[in-house]
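# Breakdown of the fold
Here are the chains, one letter per residue:
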10 protein chains.
Amino acid sequence: MAQTATVHSGGNSPFADLPPIYAKLAEAKARKGLTYDQLAKAIGKDEVWVASAFYGQAKFNLEQIEALAKVLDIPASNLHNEVGEHWWPNRGLGTTPPTDPVLYRLYEGVLVYGTPIKAIIHEKFGDGIMSMIDCKVTVDKKPDPKGDRVVLTFDGKFLPYATW
Amino acid sequence: MAQTATVHSGGNSPFADLPPIYAKLAEAKARKGLTYDQLAKAIGKDEVWVASAFYGQAKFNLEQIEALAKVLDIPASNLHNEVGEHWWPNRGLGTTPPTDPVLYRLYEGVLVYGTPIKAIIHEKFGDGIMSMIDCKVTVDKKPDPKGDRVVLTFDGKFLPYATW
Amino acid sequence: MAQTATVHSGGNSPFADLPPIYAKLAEAKARKGLTYDQLAKAIGKDEVWVASAFYGQAKFNLEQIEALAKVLDIPASNLHNEVGEHWWPNRGLGTTPPTDPVLYRLYEGVLVYGTPIKAIIHEKFGDGIMSMIDCKVTVDKKPDPKGDRVVLTFDGKFLPYATW
Amino acid sequence: MAQTATVHSGGNSPFADLPPIYAKLAEAKARKGLTYDQLAKAIGKDEVWVASAFYGQAKFNLEQIEALAKVLDIPASNLHNEVGEHWWPNRGLGTTPPTDPVLYRLYEGVLVYGTPIKAIIHEKFGDGIMSMIDCKVTVDKKPDPKGDRVVLTFDGKFLPYATW
Amino acid sequence: MAQTATVHSGGNSPFADLPPIYAKLAEAKARKGLTYDQLAKAIGKDEVWVASAFYGQAKFNLEQIEALAKVLDIPASNLHNEVGEHWWPNRGLGTTPPTDPVLYRLYEGVLVYGTPIKAIIHEKFGDGIMSMIDCKVTVDKKPDPKGDRVVLTFDGKFLPYATW
Amino acid sequence: MAQTATVHSGGNSPFADLPPIYAKLAEAKARKGLTYDQLAKAIGKDEVWVASAFYGQAKFNLEQIEALAKVLDIPASNLHNEVGEHWWPNRGLGTTPPTDPVLYRLYEGVLVYGTPIKAIIHEKFGDGIMSMIDCKVTVDKKPDPKGDRVVLTFDGKFLPYATW
Amino acid sequence: MAQTATVHSGGNSPFADLPPIYAKLAEAKARKGLTYDQLAKAIGKDEVWVASAFYGQAKFNLEQIEALAKVLDIPASNLHNEVGEHWWPNRGLGTTPPTDPVLYRLYEGVLVYGTPIKAIIHEKFGDGIMSMIDCKVTVDKKPDPKGDRVVLTFDGKFLPYATW
Amino acid sequence: MAQTATVHSGGNSPFADLPPIYAKLAEAKARKGLTYDQLAKAIGKDEVWVASAFYGQAKFNLEQIEALAKVLDIPASNLHNEVGEHWWPNRGLGTTPPTDPVLYRLYEGVLVYGTPIKAIIHEKFGDGIMSMIDCKVTVDKKPDPKGDRVVLTFDGKFLPYATW
Amino acid sequence: MAQTATVHSGGNSPFADLPPIYAKLAEAKARKGLTYDQLAKAIGKDEVWVASAFYGQAKFNLEQIEALAKVLDIPASNLHNEVGEHWWPNRGLGTTPPTDPVLYRLYEGVLVYGTPIKAIIHEKFGDGIMSMIDCKVTVDKKPDPKGDRVVLTFDGKFLPYATW
Amino acid sequence: MAQTATVHSGGNSPFADLPPIYAKLAEAKARKGLTYDQLAKAIGKDEVWVASAFYGQAKFNLEQIEALAKVLDIPASNLHNEVGEHWWPNRGLGTTPPTDPVLYRLYEGVLVYGTPIKAIIHEKFGDGIMSMIDCKVTVDKKPDPKGDRVVLTFDGKFLPYATW
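Quick caveat, the model's predicted, so the values are computed rather than measured. (Residues numbered from 1 in each chain as written. Chains lettered and ligands numbered in written order. Predicted model: local features only at pLDDT ≥ 70, side-chain atom pairs only at ≥ 80, totals over all residues. Heavy atoms only, no water.)

Here we come to the packing of helix 6 (residues 101-125) of chain G against helix 6 (residues 101-125) of chain H. With their axes 9 Å apart at the nearest point, helix 6 of chain G and helix 6 of chain H run at an angle of 140° to one another. Classified by the angle their axes make, helix 6 of chain G and helix 6 of chain H are oblique. Along this stretch, helix 6 of chain G crosses helix 6 of chain H, giving a crossing that reads as right-handed. Note on element contacts: helix 6 of chain H touches helix 6 of chain G through V102(H), L103(H), L106(H), Y107(H), V110(H), G114(H), T115(H), I117(H), K118(H), I121(H) and H122(H), opposite V102(G), L103(G), L106(G), Y107(G), V110(G), G114(G), T115(G), I117(G), K118(G), I121(G) and H122(G). When its residues are assigned to classes, the contact of helix 6 of chain G with helix 6 of chain H shows 14 nonpolar, 6 polar and 2 charged. (Axes fitted to C-alpha atoms, helices over the stretch in contact; angles between N-to-C directions. Helix = DSSP H or I, 4+ residues; strand = E, 2+ residues; numbered from the N terminus. Parallel < 35°, antiparallel > 145°, perpendicular 65-115°, else oblique. Left-handed = near helix turned anticlockwise from the far one by under 90°. Contact = heavy atoms within 4.5 Å. Nonpolar A, V, L, I, M, F, W, Y, C, P; charged D, E, K, R; others polar.)

Here we take up the UniProt feature "active site" (unreviewed entry) in chain A. The positions that UniProt labels "active site" (unreviewed entry) are, in the present scheme, R105(A), E108(A) and S131(A). Ignoring anything within four residues of it in the chain, the contact list for E108(A) reads Y113(A), M132(B), I133(B), Y161(I), P101(J) and R105(J). Counting through the fold element by element, S131(A) comes out in strand 1 (residues 128-142). The residues touching S131(A), leaving out its near neighbours within four places in the chain, are G156(A), K157(A) and L159(A). One polar contact links the side chain of S131(A) to the main-chain amide nitrogen of I133(A), over a distance of 3.0 Å. (UniProt positions renumbered as here; feature names shortened; annotations may be inferred. Polar contact = N/O pair within 3.5 Å; in protein donor to acceptor, adjacent residues only side chain to side chain.)

In this section: the relation of the copies chain A and chain B. Once chain A has been moved 0.0 Å along the axis and rotated by 180°, it coincides with chain B to within an RMSD of 0.0 Å. Here the copies are linked by what is in effect a two-fold axis. Relative to the rotation axis, the closest C-alpha in chain A is found at T153(A), a distance of 2.2 Å. (Least-squares fit on C-alpha atoms with pLDDT ≥ 70 in both.)

Right, let's talk about the interface of chain C and chain A for a bit. Taken residue by residue, the interface counts 15 residues in chain C and 15 residues in chain A. Around 1300 Å² of area is buried between chain C and chain A when both sides are counted, 47% of it from carbon and sulfur atoms. If you sort the residues of chain C by the area they bury against chain A, T6(C), H8(C) and N12(C) come out on top, with a joint share of 37%. Joining chain C to chain A, the criterion identifies 9 residue pairs in polar contact (both at pLDDT 80 or more). (Buried area = accessible area lost by both parts, 1.4 Å probe.)

A few words now on the interface of chain A and chain B. Taken together, the contacts link 68 residues of chain A with 68 residues of chain B. Carbon and sulfur atoms supply 68% of the area buried between chain A and chain B, which totals about 6600 Å² over both sides. Three residues stand out in chain A for area buried against chain B, namely Y113(A), R149(A) and V150(A), and they jointly supply 10% of the buried area on that side. For the pair chain A and chain B, the interface holds 12 salt bridges. A salt bridge links R149(B) to D155(A), with the shortest nitrogen-to-oxygen separation between them at 2.5 Å. For the pair chain A and chain B, the number of links is 30 residue pairs in polar contact (both at pLDDT 80 or more). Taken together, the elements giving at least two residues each to the side of chain A that touches chain B come down to helix 2 (36-43), helix 3 (47-54), helix 6 (101-125), strand 1 and strand 2 (149-160) of chain A. Here the element with the most residues in the side of chain A that touches chain B is helix 6 of chain A; it accounts for 24 residues. Looking at the side of chain A that touches chain B residue by residue, the classes come out as 35 nonpolar, 13 polar and 20 charged. Pairing of strand 2 of chain A with strand 2 (residues 149-160) of chain B involves 9 bridges; the strand directions are antiparallel. Bridged to V150(A) within strand 2 of chain B is G156(B). (Salt bridge = Lys/Arg side-chain N within 4 Å of Asp/Glu carboxyl O. Pairing = 2+ DSSP bridges.)

Applying the stated rule across the entire model yields 110 salt bridges over all chains. For K124(E), the salt bridge goes to E47(F), with nearest N and O atoms at 2.5 Å. Placement of the pair is K124(E) in helix 6 (residues 101-125) and E47(F) in helix 3 (residues 47-54), with the two residues belonging to separate chains. A salt bridge links E123(H) to K29(G); its shortest N-O distance comes to 2.8 Å. Taken together, the residues span two chains, with E123(H) in helix 6 and K29(G) in helix 1 (residues 21-32). Accessibility expressed as a relative area gives 27% for E123(H), which makes it partly exposed. Residue classification places K29(G) among the buried residues on the basis of a relative accessible area of 12%. A single salt-bridge network, built from bridges that share partners, covers D134(A), D155(A), K142(B) and R149(B). (Buried < 20%, exposed > 50% of the residue type's maximum accessible area, 1.4 Å probe, protein only.)

Written out as structure tokens, the structure reads:
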């Protein structure tokens, strides 16, 4: 747990594009020394969803704001004021292509495996897409003697293309 | 099984960027009416890897070429001649951002969930990346009464950042 | 109705590109708990037009400024001062392609259905365009047991191409 | 009905990016002097969907191929061979931003009215999107003494954002 | 009048993006040694409109095709076949920004004088645009002892912005 | 005449790229309720040139600064201080392609009519360009019962290409 | 003098964008073993101008075509046919920024010294530009014991900005 | 000599990208009414180099800082503090392509004459480049009755390509 | 050793994209007159790694923060507060392509020698990549009578491509 | 040694941008089963230089052409004809940013370590650059029990910036 923690919200920081409350949330999380998983348990959601909400990519509902304010010791009114009922996410963060190697590898996954994945989806499901709206994302750590592995999963509804 | 099948390799087809043998492979696959999974079993690999190799995103070894030629009834020498030992993949297919909705949704996954995924990887693993080189990709169909779901998984080794 | 509501006008917020009064209008709307439709009725226009004017994509006339100031309890002089007679909209908001999924889907509509729509317009009307200047836009909610539907309509004058 | 009609499939023609059968279909349509609406009736679909399929933005099923071959007097086998069961659309046509004024006006609609439309969708439906996959597009001609009007409608399912 | 004239339709030639008949028209024009003005008189239009139609930026009607075929000694059927009733212009030529100095100077006119022109249009006409659809373009030569001058005029209808 | 008028000089306002005195000039113009034409008469120039100078696209000379200060009731020293003898215009305003429909239509004029205009200039003048430096721009209102028309004229010196 | 010489006119060769006669001219020049300077003397021009004309960036007049055909032993009619009176240069070659180091260094000259050069031009000449149309370019070799030097000169007319 | 002079260092001013001392230097130069040539004499360098250093494209050494401080009446310590020994130029100014016509003409020189210049350099010097690092740039005024001319010279060392 | 040194963290400075502490670190380094090599010795790392950490491209651990604070005489708490345990690098600095000639030459190395290096890597190692994560970078000075040389080395682990 | 080997020179192959002889050279190399190192020994150069020459990024001299023709059993005249004395490399291959992971990692090296490398070069050498013209590149394999390593070295002359 850090005594103090300042989260940079200028330059190319992802917080530079978000309402100021998000940098405050990140500072409170650092100060409390809580993980996304611990926060997730406090509000009854998964850690990746919570992380996406902490970067303004999802919308907290009223109960989540209350629970979050309590666990992070910040006034709920600050959250209501900036990202309450009147606010809607403007999704999509960062430049394209990303320069950060962690992000770039995900992007490279689309460049290299995107077309093969499309081919398999069509072969298994027909003409349509994997929804990125009705989609759940998880990140797991799989221990491995040759080096631990990151297991990243997108679980999205198949949507068949309409014809009319 | 189609009597004949011509695979377009001009315009914005992914085959337009690849050695001509790849369109021939796709035509043979269509003519034989085989799925990637059936081909994968024939050469002892996973279907997504086979699909990536069918789009020139991976390199068949000599045994795989022989097995493939047999199951698809095409001369192995054609494969050796074009994508044999002297050939190496030039990976990455298609324009960015992709216009096809199936590909775009994957790309949108990076835009919307990329930064949260990075945050979770750092929290769980420290400073480093999920390798897209030592990475296995799978696409599964999960039946669901509200509509079947696509489960897309990246299982990549965590690589800690070197310091020196 | 929110006690207070702060509308972020920095970063990638659409308000970042607009005169500051627009964020104030949005805050007043949130504070009053009014919908675009309720505001539209107050000034005698349609809700989509009002929303476009609230994002600086249309110009309020003097009567609309007076009516709006009254219903939102803000001084009309503030509106006159910033977006009064001397001000003209500089239309067009956001980056292209948009990263937000709601906006991207509209953009995808142009990518996928734009050329077919052009073909139908020529077949039905001849050589010319659908005006986006003399055009009315509406957004309706159509209840549906399989999931409510958004009905988005552009009603634009056909303009035949001049020859001379 | 034209005696002969050649459809340009090079340069910046949309057919330059599509399998060659699409230019052949367009030529047959011109030769027969049929409208998209007449073709649509022949295969039991709407004219905009048929136009989108004629530009490779949708996939004909086997029955549609048979019906189309009959009404256009072309061998069904040609269609099966190029865009039969083994083929899947690679959607998205043309450069962005479009230079053609008909297409540009649609694109301008996204630039100018996209953010207001998003605001209305959120206000009426909550956090989510209008699907462009489960979406029906129509183009109608509305007579008007001051100049006929194009009525373009997108009727798309609302998809609420998943939380998990 | 040239005995023969070949018009390059590859590389960065504007004809590279157009149906092949346009290069043939340009070759016939060169062979006959006719100016756009002479051609314009032959079909009863202005020279700039004819030049725009010779670059595929406008559509000849049936009478114009017949008149043109006669004055250029080419079969009208060739024109009907390629750019007859079934063909519609896909307007917009060349890369942006243009590299050719003649084109660039026009583009520079938009960069330097575009915003002042917008300000004057709003001051004189109110909220709206100068139509580029209902617009006539002329290019005149004005003799001047200090060097002849090009007088380029756009005469376009003012379209007031719809409100609804 | 407005009591007060604030000109936004942030976001995507053209004033955001200019020395702050230009927003002050625009505010003074609004406060005085003067048109560009009235200002032009006060300093002995044309209205379009004055508008271009009010957007930093031309340079006021010392006499013009004095005259302008007088008619707008602002200290001449402020103008001398910011855009006096030591200052030179950095011409070119706004993003490309422009998103504002008024500006875009001018840009579309280059896309659609640029190549035809180039062809006519070469035919009438030979190898060279229309100068955009020795060029006068005017915007006139032409009354028309079917809708008033904007007449935009570029009157530029023809410059023959040097050979050496 | 080469027995034979083939000039590549595909891929990223500058000849790929030019009428085919230009590659033929370059091949004839190589076969004859002539320098641009020798060709320049044969037609009475400077070598840099001749090189620019050999890359389609200037227009040969009729006498130059005759002289060139003689010195290169190629039929003048071929030149007249492709780049004769009916042809006009479409100037500007290559991608931007250039990847070739020779070209890039020139481009870097604009990036690094462009703004200082502009400042000096304004200080010495006032408000205006150095013409790139009425401009002569020379490339000289200056022997130097520490390594020979390239002396590249642009000698262009100063054009004062019009005011009106 | 101006009593006061403020140099804009926001928006698209080149000073917006530089340490604040550079705007201060430009203001002092304006206040003193000195030309780059007069400043150059004061520190023993050429005027173009001095102009490049005034735009942060070169590095003043300690003696130059002292001399400059004296002639401009500003504290040398301010210069040492911001652009002293610890500072290195980050060269390259402005957007590409440039919108300002003075800068654009230089850029057009690369587009139009770059490839011919490359051809002449290779013909006269062999495989290598003109250095833009060991390069001296001068701008001279050449009086001419038909209009004064700008003579811009790049005098750069030829660097042969290494082979190894 | 400078008495004072201000490091510009606005405009196009690399520090503009980083948490403010990095400009403070650079100022302390300048004030102390220490080289990266001296700092590297103080914290037990190589100079290039330290330089990369000083530009926010690597993460200091807790001991390094303590050692650095001591040698630079700044409070360790400032470092912990801004770039402590809760902070992770967002790697990648500057625009692409870079305009600064030092950076551009590295980039040109990729343009010119990238494909040959890829060919050699495949020939020597097979299908895979040189890791830029498990990679050590060094910069050495090699004295040479014809001019000292920079020896830049990337020592990265070969990662074979996974197949599955 | 392959009996036959066809090198794809279309699509996104690097050979698509080069004179056709380069694909022939690559095919001959594959047929002979020779490495770049073996070829390098045959013509007395380093393997990376030879690889760069095999991709058209360097120029073979007459002796190298003769030696190469002999070792590869191809007619020297073919090489003289296409890339002989009259030909000069047009350097720079592939799109930017590269999509191939091997190339991208080099590019990422510039993004992540470029600014730190620049800082070290200035600290050790002063104001100037590492030449990419007088630069030798090597790629070595360093065995390592934890996985072999690629050692990539750029050995380039330091060029101090001219002042004048």
